[in-house]
Amino acid sequence: MVGLQWGDEGKGQVVDYLSASFDVLVRYGGGANAGHTVTVGDTRLGLHLVPSGILHENVLCVIGNGVALDPEVLFEEIDALGARGVAVGDNLRISDRAHVVLPYHKLEDSLSEAALGQSAKIGTTGRGIGPCYSDKASRSNAIRVHHFIKPEVFRRRLIEIVERKNRIFAALYGADPLDAEAIYRKFSAYAERLAPFVCDTPDLLHRAIAAGKHVLFEGAQGSLLDVDHGTFPFVTSSNSGACGVSAGSGVPAQAIRTFLGVAKAYTTRVGGGAMPTELTDGIGQTIRERGREYGTTTGRPRRCGWFDGMATAYSVRLGGFNAVSIVGLNVLSEFETLNICVGYEVNGRKLEHFPSDPEVLEQARPILEPLRGWKQDVSGCSCWPELPTAAQEYLARIESLLGVPIIAVAVGPQRSQLLFRPS
Ligand code: IMP
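Treat the numbers as computed from the prediction; the structure is a model and nothing was measured.

Caption draft 1: Fine view of the pattern of salt bridges. For the coordinates displayed, the defined rule picks out 22 salt bridges. Where Glu 108 meets Lys 165, a salt bridge forms, and the shortest distance between an N and an O atom there is 3.5 Å. With a gap of 57 residues between them, Glu 108 in helix α3 (residues 103–115) and Lys 165 in helix α6 (residues 151–173) connect regions that are remote in the sequence. In this structure, Glu 293 and Lys 264 form a salt bridge, with 3.0 Å as the shortest nitrogen-oxygen distance. Within this pair, whereas Glu 293 is found in the loop between α10 (282–290) and β13 (303–305), its partner Lys 264 is found in strand β11 (residues 260–264), the two being separated by 29 residues in sequence. By relative accessible area, which is 1% here, Glu 293 ends up buried. A relative accessible area of 4% means that Lys 264 is categorised as buried. Connected via shared salt-bridge partners are Asp 8, Lys 264, Glu 293 and Arg 302.

Caption draft 2: Structural detail: the nonpolar core. Counting 58 residues, the largest nonpolar core has Leu 74, Leu 92, Leu 102, Ile 143, Phe 148, Leu 158 and Leu 194 as its most contacted members. With 7 residues, helix α7 (residues 180–194) is the largest single contributor of residues to this core. The residues contacting Leu 102, other than those within four sequence positions of it, are Ile 143, Phe 154, Leu 158, Ile 183 and Phe 187. Formed by 52 residues, the second largest nonpolar core is a distinct cluster that contains Val 26, Tyr 28, Ile 256 and Leu 329.

Caption draft 3: How the structure looks around the sheet that holds β11. Pairing is mixed across the open sheet formed by 5 strands, whose spatial order is β1-β11-β15-β19-β20. For this open sheet the edge positions go to β1 (2–3) and β20 (418–420), each flanked by a neighbour on one side alone. Pairing analysis gives 5 bridges linking β11 to strand β15 (residues 323–327), with the strands arranged parallel. When the bridges of β15 are listed, Leu 260 appears paired with Ala 323. With respect to the sheet, helix α13 (residues 389–402) is in contact with β15 and β19 (406–410), its orientation differing from that of β19 by roughly 135 degrees.

Caption draft 4: Structural view of the site of the ligand. Around the ligand sit 15 residues, and of these Asn 33, Thr 125, Thr 236, Val 270 and Arg 300 come closest. Between the ligand and Arg 300, the relevant distance is 3.0 Å, taken from an oxygen atom to a side-chain nitrogen or oxygen of the residue. Coverage of the ligand by the protein chains reaches 96% of its 470 Å² of free accessible surface. In terms of residue class, the shell around the ligand is built from 6 nonpolar, 7 polar and 2 charged.

Caption draft 5: Summary view of the environment of Ala 171. With respect to the helices and strands, the residue Ala 171 is situated in helix α6. The class of Ala 171 is exposed, set by a relative accessible area of 66%. Ala 171 sits 40 residues away from Ala 211 along the chain, and the two C-alpha atoms are 54 Å apart.

Caption draft 6: The packing of aromatic side chains, seen in detail. Applying the stated criterion across every chain yields a total of 12 aromatic pairs. Taking the centre distance of 6.0 Å and the plane angle of 5 degrees together, the rings of Phe 75 and Tyr 190 count as stacked. Linking Phe 75 in helix α2 (residues 71–83) with Tyr 190 in helix α7, this pair joins segments that are 115 residues apart in sequence. Exposure class is identical for Phe 75 and Tyr 190. Each is buried. When the ring of Phe 148 is compared with that of Phe 154, the centres are 4.8 Å apart and the planes differ by 75 degrees; the resulting orientation is edge-to-face. For Phe 148, a relative accessible area of 1% gives the class buried. Taken together through their ring pairs, the aromatic side chains of Phe 75, Phe 187, Tyr 190 and Phe 197 make up a single cluster. The ring centre of Tyr 184 lies 5.8 Å from the NZ or CZ of Arg 155, which sits over that ring.

Rules used throughout
- Residues numbered from 1 in each chain as written.
- Predicted model: local features only at pLDDT ≥ 70, side-chain atom pairs only at ≥ 80, totals over all residues.
- Heavy atoms only, no water.
- Salt bridge = Lys/Arg side-chain N within 4 Å of Asp/Glu carboxyl O.
- Helix = DSSP H or I, 4+ residues; strand = E, 2+ residues; numbered from the N terminus.
- Buried < 20%, exposed > 50% of the residue type's maximum accessible area, 1.4 Å probe, protein only.
- Core = buried A, V, L, I, M, F, W, Y, C linked by side-chain atoms within 4.5 Å.
- Contact = heavy atoms within 4.5 Å.
- Pairing = 2+ DSSP bridges.
- Axes fitted to C-alpha atoms, helices over the stretch in contact; angles between N-to-C directions.
- Near = heavy atom within 4 Å.
- Polar contact = N/O pair within 3.5 Å; in protein donor to acceptor, adjacent residues only side chain to side chain.
- Areas by Shrake-Rupley, 256 points an atom, 1.4 Å probe, with all protein chains shown as cover.
- Nonpolar A, V, L, I, M, F, W, Y, C, P; charged D, E, K, R; others polar.
- Phe/Tyr/Trp six-rings, centres within 6.5 Å; stacked < 30°, edge-to-face > 60°.
- Lys NZ or Arg CZ within 6 Å of the ring centre and 35° of its normal.

Now the structure itself:
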């Protein structure tokens, strides 16, 4: 299950629903930059690393090798869950190949963003994600979980790396040096707590699949934030689209039967980069308020706009999705007329495909197709046929643009508000 837009598609609601019918739930990429809100009893909890399947008994949650693991955030979440009666123990497994996010990653994230000019800023979440994946790619500065849980190895690598980082940060940003020993003291305690969760997760998943278990892969961020296929450079640093599932989990592509894409009935984006259907007027504001479009991780207001059929269809093609779920239909209930973007124009010429060049995307004007709104509250609809005709027409138009069946639509955030299409 993968987001088809720029993240925040409401994947948490779909995962929450699906978890009940799966044995294993896998996070395969991203880190504490992701966020989903779960309700435990009377309280709402923001989770960033622990998969939301943790709330379901009998679901084994796996943090795969493709994840950038921030131990501080992980244990904050485990403790917050524990305080609300959700035990985290044998129901969580963490890859020994995952990379560890350390304080110098977060520092580098904020220093490098601050040093960029306004138009070049990526608008990162400040969670150290880019620097951690850079260290993964450049190898010698990386600390993987298997290093982290061996005290001597962790300490030796950490001291060497912090020394190199200090030299770089001082030269580039005039930053004060970090104290490797202080980091070691704090993080060796996390390492000790982490060790019992650690295993070879590809091996665990291969065995689970061989035993006929049902495995759900939970995407973080969205396809348009994918480092290779998204709107580079305004992307995250991992393969957050469907192409990241195998690399980030160690499960071969042919073992995956269904690719389910999740998109909102409109578009949101947080951070920098072009967004052709963005609405900076009152309509955008209405969508933001009705959809509560504020980031779970940073609290930033999300940019809101019409459904972008051009961008979303591109994501569908990239991931080979065979089914789509649309979230947040209720948010659009106010409008007399809705627009859907069916293509882009640059200098009066229609683009044949989604552009790779950010400058072209910046110039792209959406070709909007008006559709009639339904002007009625849909949040109480309890099944697909109860949806107003105009809402069904709206979904049908999205479906024709994406070329894959919409199998479910959410008319509100509750589990019961996810309506499956009668087959
Ligand atoms: P980073 O992943 O923190 O480096 O941020 C890179 C870009 O991805 C920024 O535009 C962020 O706003 C965006 N981003 C990262 N994670 C999420 C997410 O979970 N939802 C939406 N946007 C995200």
